[in-house]
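Fold and contact review
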Amino acid sequence: MMDIVEARAFARSKCDKDTTYRHLVSVEGVMRALSRRFEEDEETWALAGLFHDLDQDITDSDPDRHATLAAEWLRAEGVKEVVVNAVLAHNFPEYRTDRMARAIVPADAVAGLLVAAALVRPEKSVGMKVSSVRKKLKEKAFAPGVNRDEINEVEDSIGISVEDLIALGIEGLQQVASEIDL
Ligand SMILES: [Fe+2]
């Protein structure tokens, strides 16, 4: 099993773009905070977040291979199947069979919103407030690529409120911020 230092080095080696690596680590952070909320294994959830878009820069133009290629790489590295399943889950709903695999979807979306919000603040993620992120969630023109439905459906998917998702997301992003200059 890879530790997080090895896992991040592996993730970085698969990313052509710095923005992709930043996205991966931001989702790692959000998944860490969610794992603690549910008293689940933090290192396992961290890996699921970190690896979820591992093949992004290669499968960009080929969305059907997205996550499938990452799953091949991860199995070749001996990464455990529960993590591979969660990676597949973010692109293919049929893999959303456990809480970690369902959590990937809102974690992915809220991390996108939080990173965009941090980038327009001089203090980046430091001192970020739930209320200001909520406003940005409602502002459709802000970070338009972020899927709002995936955030708003968090209560149905993993049983926490949007408010809690944002609060945990901020905490998680702050935890990994030094790795991605946020
Ligand atoms: Fe993603």
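My aim in this report is to walk through the structure given alongside it, one point at a time.

Brief notes about the packing of aromatic side chains
Applying the stated criterion to the full structure yields three aromatic pairs. With a centroid separation of 6.3 Å and an interplanar angle of 65 degrees, the aromatic rings of Phe92 and Tyr95 are classed as edge-to-face. On the accessibility criterion, Tyr95 (29% relative accessible area) is partly exposed. The aromatic ring of Tyr21 is capped on one face by Arg12, whose charged end is 4.1 Å from the ring centroid. The ring of Phe142 has Lys136 sitting right over it, with the charged end atom 5.2 Å from the ring centre.

Describing a negative patch on the surface
A cluster of acidic residues, Asp149, Glu153, Glu155, Asp156 and Asp164, forms a negative patch at the surface. Tracing the backbone through its elements, the reader meets Glu153 in the loop between helix H9 (148-152) and helix H10 (154-158).

A closer look at the environment of Glu179
Summarising the element assignment, Glu179 is placed in the segment after helix H11 (162-176). Accessibility expressed as a relative area gives 30% for Glu179, which makes it partly exposed. In this structure Glu179 touches Arg8, Tyr21 and Val25, once residues within four positions along its chain are discounted.

Quick word on the coordination of the iron ion
Ligation of the iron ion by protein atoms is provided by His23 (NE2), His52 (NE2), Asp53 (OD) and Asp108 (OD), these donors lying 2.1 to 2.2 Å from the ion. Because the angles between the four donor atoms bound to the iron ion fall within 83 to 169 degrees, the donor set is best described as irregular. Sequence spacing of the donors to the iron ion: H-x28-H-D-x54-D. Remark: Asp53 occurs in the loop between helix H3 (42-51) and helix H4 (56-59) and His23 occurs in helix H2 (residues 18-37); sequence separation between them is 30 residues.

Overview of the packing of helix H5 (residues 68-76) against helix H6 (residues 81-89)
Running from N to C, H5 and H6 cross one another at 170 degrees; their axes reach a closest spacing of 9 Å. What the angle tells us is that H5 and H6 run roughly antiparallel. Here H5 runs over H6; the crossing is right-handed. For the pair formed by H5 and H6, the contact residues are Thr68, Ala70, Ala71, Leu74 and Arg75 on the first element and Glu81, Val84, Val87 and Leu88 on the second. Looking at the contact of H5 with H6 residue by residue, the class counts come to six nonpolar, one polar and two charged.

Side note on the side chain of Arg8
Summarising the element assignment, Arg8 is placed in helix H1 (residues 4-14). Judged by relative accessible area, which is 18%, Arg8 ranks as buried. Not counting residues up to four positions away in its chain, the partners in contact with Arg8 are Tyr21, Val25, Glu28, Leu50, Val176 and Glu179.

Here we look at helix H7 (residues 99-119)
Three- or four-residue spacings in an α-helix give side chains the same orientation, since the helix completes a turn every 3.6 residues. Taking 1.5 Å per residue, 21 residues should reach 30 Å; H7 reaches 30 Å between its end C-alpha atoms and fits that length. Burial analysis of H7 places 17 of its 21 residues in the buried class, the great majority of the element. Where H7 begins, one side-chain oxygen reaches toward the backbone nitrogen of Met100, 3.3 Å away; that side chain belongs to Asp98.

Describing the layout of surface pockets
In this approach, a probe sized like a water molecule rolls over the atoms, and the result shows the empty space that is left. If you add up the space inside the largest pocket, you get close to 270 Å³. Together, 13 residues line the largest pocket, and His23, Asp53, Gln56, His66 and Asp108 are the ones closest to its centre. Looking at the lining of the largest pocket, the elements that each hand over two or more residues are H2 and H7. If you tally residues by element for the lining of the largest pocket, the top one is H2, at three residues. Of the residues assigned to the lining of the largest pocket, the class counts are two nonpolar, seven polar and four charged. In this model, the second largest pocket occupies a volume close to 220 Å³. Considering the residues around the second largest pocket, the lining is formed by 15 residues, among which His23, Asp108, Gly112, Gly145 and Val146 are closest to the centre. Breaking the lining of the second largest pocket down by element, the ones donating at least two residues are H2 and H7. Of the residues belonging to the lining of the second largest pocket, the class tally is six nonpolar, six polar and three charged.

Cut-offs applied
Residues numbered from 1 in each chain as written. Predicted model: local features only at pLDDT ≥ 70, side-chain atom pairs only at ≥ 80, totals over all residues. Heavy atoms only, no water. Phe/Tyr/Trp six-rings, centres within 6.5 Å; stacked < 30°, edge-to-face > 60°. Buried < 20%, exposed > 50% of the residue type's maximum accessible area, 1.4 Å probe, protein only. Lys NZ or Arg CZ within 6 Å of the ring centre and 35° of its normal. Patch = residues over 30% accessible without salt bridge, like charges linked within 9 Å, V, L, I, M, F, W, Y side chains within 5 Å. Areas by Shrake-Rupley, 256 points an atom, 1.4 Å probe, with all protein chains shown as cover. Salt bridge = Lys/Arg side-chain N within 4 Å of Asp/Glu carboxyl O. Lys, Arg positive; Asp, Glu negative; His and termini not counted. Charge placed at Lys NZ, Arg CZ, Asp CG, Glu CD. Helix = DSSP H or I, 4+ residues; strand = E, 2+ residues; numbered from the N terminus. Contact = heavy atoms within 4.5 Å. Donors = N, O, S within 2.8 Å, 3.2 Å for Na, K, Ca; no water. Tetrahedral: all angles 85-135°; square planar, octahedral: opposite > 155°, others 65-115°. Axes fitted to C-alpha atoms, helices over the stretch in contact; angles between N-to-C directions. Parallel < 35°, antiparallel > 145°, perpendicular 65-115°, else oblique. Left-handed = near helix turned anticlockwise from the far one by under 90°. Nonpolar A, V, L, I, M, F, W, Y, C, P; charged D, E, K, R; others polar. Expected span 1.5 Å × (residues − 1). Polar contact = N/O pair within 3.5 Å; in protein donor to acceptor, adjacent residues only side chain to side chain. 1 Å grid on protein atoms, 1.4 Å probe; cavity = no way out; pocket = protein on both sides within 12 Å on 5 of 7 lines; lining within 4 Å. Points joined across faces, edges and corners; volume = space filled by probe spheres on them.

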